[in-house]
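Residue-level structure breakdown
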Amino acid sequence: MSDTSARLLRLLSLLQTPREWPGSELADRLGVTDRTVRRDVDRLRDLGYPVEATMGATGGYRLVAGAAMPPLLVDDEEAVAIAVGLRAAAGSAISGIEEASVRALAKLEQVLPAKLRRRVRVLGAATIAPGAGANPVDPELLTALAAAITNTERVRFAYEAADGAETRRNVEPVGLVPYRHRWYLVAFDVDRGDWRSFRVDRVRRVQATGARFSRRELPAADPAAYVAGARTDWGTPSLHFLVEIEAPAEAVIGRLGEGAGDVVPRGADACVLDMRRDDLPEWVAHRLLELGVEMNVRGPAELVEALEKIRDRAGRAVRGNS
């Protein structure tokens, strides 16, 4: 790095301290003349840093807010503090900041020296975010996936199904989506030849392959729309599931699995499941029964039939043991 570049970085680091710096003090800190300080300030302004100068005996230089945020310089302690804060925010229940936190954390950890990355991991492991959900996700896993998305790099991982069985996946990741208190990875499954959404809390042992890919056309407006079930290649679903459930919406959301549609509150102690799908009425029936609450099925007939089949099987099982 040239002497001028190193001096500019040092000057920028000083100006990012929230105070006004007399030109003579900056010159002493940098070991240059007042004239060199003025030239360096002009260089920073040309780079987009809004440095304000004030005249008079008590005048000096200070960095002020601009129209856009320029790059920042932080020391080791500040970098660790920011990274730990972002790791906590990535797993928080504060709506709207999770995805931005993961993107920022991926950028920061990419440039952290190894010794600082170790400090961040140790502090993160010892810190429990208040209000963490029942299915916490390791921020290190999120940042690894975010890096693969940014680099358009294929990854391999083990994926744990609801019954505990593991499958190996080779995917082209395109998006991380926080949805209903869970994280989802949207990716093209190379071995299965189709798009998938994966619950990140069920992803195990991520391995970057180093293989780059050209992004395919996602059958949805964006990854968030895909996770919400708005695929553009399915057409209009033929089955409309409408179930009145005698339980608070917050007790139902997240317990019905992926693609479970909308859970709409109906007062404090009831809600309605409104979902459109083309298949799996028996799968929906089992998920509803697992809730263990009273409900009223408004449709479709296929769901009623699936529930009746489950009732008949249960009846035969009971009679067989009587």
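Further up the page is the structure itself.
Structure report, in brief. (Residues numbered from 1 in each chain as written. Predicted model: local features only at pLDDT ≥ 70, side-chain atom pairs only at ≥ 80, totals over all residues. Heavy atoms only, no water.)

**Observations concerning unusual backbone geometry**
Operational definition: Numbered from the N terminus, helices here are DSSP runs of H or I no shorter than four residues, and strands are runs of E no shorter than two. Throughout, exposure labels follow a simple rule: accessible area from a 1.4 Å probe, protein chains only, divided by the maximum for the residue type, with under 20% read as buried, over 50% as exposed, and the rest as partly exposed.
Between G299 and the following residue, P300, the backbone shows a cis peptide bond with an omega angle of 5°. Mapped onto the secondary structure, P300 falls in the loop between β11 (295-299) and α11 (301-320). One non-glycine residue with positive phi stands out, namely T152, at about 45°. Overall, the relative accessible area of 30% leaves T152 in the partly exposed class.

**Some details on the packing of aromatic side chains**
The condition is simple: We call Phe, Tyr and Trp rings a pair once their centres come within 6.5 Å, taking the six-membered ring for Trp, and we label the pair stacked below 30 degrees between planes, edge-to-face above 60, and tilted otherwise.
Following the criterion strictly, the structure yields three aromatic pairs and no others. With a centroid separation of 5.3 Å and an interplanar angle of 85°, the aromatic rings of F157 and F198 are classed as edge-to-face. Taken together, the residues span a long stretch of sequence, with F157 in strand β3 (residues 153-160) and F198 in strand β6 (residues 194-199) at a distance of 41 residues. Exposure remark for F198: the relative accessible area of 1% places this residue in the buried category.

**Focus on the pattern of salt bridges**
The test is simple: Each reported salt bridge corresponds to a side-chain nitrogen of Lys or Arg within 4 Å of a carboxyl oxygen of Asp or Glu.
This structure, assessed with the given rule, holds 20 salt bridges. Where D40 meets R43, a salt bridge forms, and the shortest distance between an N and an O atom there is 2.5 Å. Here D40 and its partner R43 are both found in helix α3 (residues 34-46), three residues apart, which amounts to about one turn of the helix. Here D40 falls in the buried class, since its relative accessible area comes to 0%.

**Overview of α3**
We count it as follows: In a helix, the anticipated span is given by 1.5 Å times the number of residues less one. Note that the arc is computed from the directions linking the helix axis to the C-beta atoms. Here, two residues are considered to be in contact whenever any of their heavy atoms come within 4.5 Å of each other.
Taking 1.5 Å of rise per residue, the 13 residues of α3 would be expected to cover 18 Å, and the 19 Å separating its terminal C-alpha atoms lies within 8% of that figure. For α3, the set of buried residues is T36, V37, D40, V41 and L44. One side of α3 holds all its buried residues, which, seen down the axis, span an arc of 140°. Exposed side of α3, more than 90 degrees from the buried face: R35 and D46 are the residues found there. In this structure, the buried residues of α3 make contact with α1 (3-15), α2 (23-30), β1 (51-53) and β2 (61-63).

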